[in-house]
Structure formats: C-alpha cells, structure tokens
2 protein chains.
Amino acid sequence: MDKYMLIALKEAKIAYIKGDVPVGAIIVKDNKIIAKAHNCKETNKIATNHAEILAINKACRKLKTWYLDDCVLYTTMEPCMMCCGAIMQSRIKKIVYSVENPKYGCSSLLKSVDIVNNVCKNESELLLKKFFSNIR
Amino acid sequence: MDKYMLIALKEAKIAYIKGDVPVGAIIVKDNKIIAKAHNCKETNKIATNHAEILAINKACRKLKTWYLDDCVLYTTMEPCMMCCGAIMQSRIKKIVYSVENPKYGCSSLLKSVDIVNNVCKNESELLLKKFFSNIR
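Report follows, based on the coordinates.

Looking at the relation of the copies chain B and chain A
Both copies of the chain are related through a single rotation about an axis accompanied by a shift along the same axis.
Line of reasoning, step 1. For the pair chain B and chain A, the relating rotation is 180°, the translation along its axis is 0.0 Å, and the fit reaches an RMSD of 0.0 Å. Such a combination of rotation and displacement between the chain copies is what one expects of a two-fold axis. The C-alpha atom lying nearest the rotation axis in chain B is that of Met82(B); the distance is 2.1 Å.
Line of reasoning, step 2. Both copies present the same face, since 100% of the interface residues in chain B are matched by interface residues at the equivalent positions in chain A.

Here is the structure:
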C-alpha cells in the first residue's frame, strides 16, 4: 500500500508546486494504476477539481464506465463530503488515505466502503504543514 | 423562482431523452443564468457527471473563479452527497430544488446554505416517475 501512496504523494507534490493544497490521488485496478491526479482547485479555478474527483473522472474515461467497484482509490488526505459522495457514486469499494482531515473529512459518511488510513501519514502531514506554513 | 426552475426542468428533459435520470440544474447570478446542465452520468459514463456538478463547473469557467458565493443553484431534485459537497466547495449560499430525494438526498448536510424546496414539484415528479416507470 505504501508503494501506491508514495505515487499519490508525488501527485500531491505537483499540486504543492502549483500553489494548490497538496493532495494527490490515484486509482488502482488489478494492481495497475489507471488514473493519477492532483488537486487543481486554485490552478483551474474550478470548485470541484479536487484530486479524488479528477482521478475518478480519469478512471471512468479510461474504463469507459462510471462503475468502478473493483478499483481502489488512494488519496493523501481524508476525502471531503464532495469526494466521499463521488466515491459512492462510482461504487468504489475500498479507499486508502494518508492523513485525517479533522475539519472537512467525511469518511465516516461512507457506506459499504473499506477504509484504510494513516498510510505514509508522516510524509503527507509534512507536505501539508509546509504548504500551510508558507501561506501564513 | 418558478421561471428558473422551468428552465432547469427543460434541462432535465434533455437528460430524459438521452436515457439519463432526468435531473437538470442551472446557476443564476444577478438574475442572469450563467450555467445550464443536465445529468449525463449514463451518457458520458462518468460517475461525477450529475447536473449540479456540471453546472458548477460551467459557472466556475464562466466567472473564472471557484468562488460562487453570490450565485443561486436551481436543481430539479434534492442534491446527493457529492453535489451537496460541491455546493459547499463552491460557497454557493442558496439552492432551490424541486423534489426531495428520500434515498440519496443530503440537503440536511448543507451548512450556511439557504434552501428552498418543492418549487415546480409536480412537474419534476411527473418526469421522474415517467422515467422510472419506463425502466421497470
């Protein structure tokens, strides 16, 4: 699981460089990465452009279906309400995330989804702390 | 409000014709429609392509900002968790919807958002019933 989270973290670092909250997400099916994305909300100026949403969109395009029930989503931060809703809409059955999001995290709302957390927690936390300390 | 909801209903009818669950959404700013969209989940085979998400994306592109706090979203059905999350992400302060969605509606999760419901309820309900009776 660390292997995939480190790739999601690479995506988060791209967001960091662009000036977006550093969150990255990837989607894995049959041990193959089928989608990678990073948060582009500020860069694209589009409210829905969180890493998870963009990764789900890419995976749907790649597989030519909205039905991602045999996919695992890796994200460097606990998903917000919008992204949790998208996980349910796409029928993703398992998610792995790195750091909790005490303010906006909504993973408790996910029904029938396996959740693994705290994977590569220190790395993700460090990147987020660095980002927010630069802002303030 | 009926005037705008009837335009959202026109969008819902486009979704109906395409074979998608008939939901339409529009976004209004300063009494001007800045975005119109309909549910394209089945047509586009993309899990996130609900009417509300697509309308928010269009409005952000049009206004060149993710910040839609002076916009009103009209939708023919109570938004799901994903769309409620997108409403919060885009800082929309007011939504108007037509029919409740007892199974997937999540408007109760919206914080600091004015909610008006039951606008043109009969028309939206009829369209949805027609759609689901055709499927079964």
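Next comes the rest of the description.
Some thoughts on the packing of helix H1 (residues 2-18) of chain A against helix H5 (residues 121-135) of chain A
Residues and elements named next belong to chain A.
Line of reasoning, step 1. Look at H1 against H5: their axes get within 10 Å of each other, and the N-to-C directions meet at 5°. With respect to each other, H1 and H5 are oriented roughly parallel. Contacts between H1 and H5 pair Leu 6, Leu 9, Ala 12, Lys 13 and Tyr 16 from the former with Glu 123, Ser 124, Leu 127, Lys 130, Phe 131 and Asn 134 from the latter.
Line of reasoning, step 2. Its residues placed into classes, the contact of H1 with H5 shows six nonpolar, two polar and three charged.

Thoughts on the interface of chain B and chain A
Line of reasoning, step 1. Counting residues at the interface gives 26 residues for chain B, matched by 26 residues for chain A.
Line of reasoning, step 2. In total, about 2200 Å² of surface goes out of reach between chain B and chain A, with carbon and sulfur atoms giving 69% of it.
Line of reasoning, step 3. It is Trp66(B), Met81(B) and Gln89(B) in chain B that bury the most area against chain A; as a group they hold 29% of the surface buried on that side.
Line of reasoning, step 4. Put simply, chain B and chain A have zero salt bridges between them.
Line of reasoning, step 5. Going through the elements one at a time, helix H2 (41-44), helix H3 (51-63) and helix H4 (81-89) of chain B are the ones with two or more residues in the side of chain B that touches chain A.

A look at a positive patch on the surface
Residues and elements named next belong to chain A.
Line of reasoning, step 1. Side chains of Lys 10, Lys 13, Lys 18, Lys 36, Lys 58, Arg 61 and Lys 130 sit close together on the surface and give a patch of like positive charge.
Line of reasoning, step 2. Among the secondary structure elements, those contributing two or more residues to the positive patch are H1 and helix H3 (51-63).
Line of reasoning, step 3. Sort the elements by how many residues they give to the positive patch and H1 lands first, with three residues.
Line of reasoning, step 4. Its location among the elements puts Lys 130 in helix H5.
Line of reasoning, step 5. Note on Lys 130: relative accessible area 46%, which makes it partly exposed.

Reading the values: the criteria
Residues numbered from 1 in each chain as written. Chains lettered and ligands numbered in written order. Predicted model: local features only at pLDDT ≥ 70, side-chain atom pairs only at ≥ 80, totals over all residues. Heavy atoms only, no water. Least-squares fit on C-alpha atoms with pLDDT ≥ 70 in both. Contact = heavy atoms within 4.5 Å. Axes fitted to C-alpha atoms, helices over the stretch in contact; angles between N-to-C directions. Helix = DSSP H or I, 4+ residues; strand = E, 2+ residues; numbered from the N terminus. Parallel < 35°, antiparallel > 145°, perpendicular 65-115°, else oblique. Nonpolar A, V, L, I, M, F, W, Y, C, P; charged D, E, K, R; others polar. Buried area = accessible area lost by both parts, 1.4 Å probe. Salt bridge = Lys/Arg side-chain N within 4 Å of Asp/Glu carboxyl O. Patch = residues over 30% accessible without salt bridge, like charges linked within 9 Å, V, L, I, M, F, W, Y side chains within 5 Å. Areas by Shrake-Rupley, 256 points an atom, 1.4 Å probe, with all protein chains shown as cover. Lys, Arg positive; Asp, Glu negative; His and termini not counted. Charge placed at Lys NZ, Arg CZ, Asp CG, Glu CD. Buried < 20%, exposed > 50% of the residue type's maximum accessible area, 1.4 Å probe, protein only.

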